[in-house]
Amino acid sequence: MRLIFLHGPAASGKLTVARAIAARTGLPVFHNHLAVDAAAAVFPFGSDAFVRLREAWWLMMFEEAAMAGRSLIFTFAPEPSVAPDFPARAQALVERHGGTVDFIRLTVAPQEQEARIDAPSRRAFGKLRSLDLLRRLRPAFAACEAAMPAGPLDLDMTRTAPDAAARAIVDALGLEAAS
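Residues numbered from 1 in each chain as written. Predicted model: local features only at pLDDT ≥ 70, side-chain atom pairs only at ≥ 80, totals over all residues. Heavy atoms only, no water.

Before going further, it helps to spend a moment on the overall build of the chain. When its secondary structure is counted, the chain shows 7 helices and 5 strands. Traced from its N-terminal end to its C-terminal end, the chain shows the element sequence β-α-β-α-α-β-α-β-α-α-β-α. Taken over the C-alpha trace, the chain has a radius of gyration of 15 Å; the compact-globule value for 179 residues is 16 Å, and the two agree within 12%. Referenced to the eigenvectors of the C-alpha coordinate spread, the extents of the chain come out at roughly 40 × 40 × 30 Å. (Helix = DSSP H or I, 4+ residues; strand = E, 2+ residues; numbered from the N terminus. Rg over C-alpha atoms; globule rule 2.2 N^0.38 Å.)

This next bit is on unusual backbone geometry. Backbone geometry places A11, a non-glycine residue, at a positive phi of 65 degrees. Among the secondary structure elements, A11 is positioned in the loop between β1 (2-7) and α1 (14-25).

As a packed pair, helix α2 (residues 33-40) and helix α3 (residues 48-68) sit with axes 9 Å apart at the nearest point and diverge in direction by 145 degrees. Where α2 crosses over α3, the two elements pack in a sense that is right-handed. Contacts from A35, V36, A38, A39 and A40 of α2 reach α3 at F50, L53, R54, W57 and W58. Looking at the contact of α2 with α3 residue by residue, the class counts come to 9 nonpolar, no polar and 1 charged. (Axes fitted to C-alpha atoms, helices over the stretch in contact; angles between N-to-C directions. Left-handed = near helix turned anticlockwise from the far one by under 90°. Contact = heavy atoms within 4.5 Å. Nonpolar A, V, L, I, M, F, W, Y, C, P; charged D, E, K, R; others polar.)

Given below as structure tokens:
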């Protein structure tokens, strides 16, 4: 089992790149907002119950996939409501079941991030869309991102097309094309 752990700031293109990787490889995408939005439907973002449920769903998915030998792509935006040791615990859980985790960092220049933050594609999920909130939270987001484990690839998505990023990831990880 292989967990491709795409991470980066809001509006860096994580879901778009994940979908492009999926199109090339046939791997499923476990978008972090599937758990975020489910927990936020009942509990306020960042509340204790929200944080517990979100993390439990993420970790249960990783464990079930690892036990089944089912590789997947996960999108993740490091931010202060996530426990700092979450990536390490996720990696340990996957490895305990014989899997591997590839941390792939996506970055984006601040001016490009600001141009993308309220894009129509971001409205489908409960994604951050407020420019003012982004600017206020950017230092905390950057600190959380800096604490992420190193991986085999960092991609600047400022001017990189999602399909080119997917191709680079597939090549770097030696992933097989979908039949």
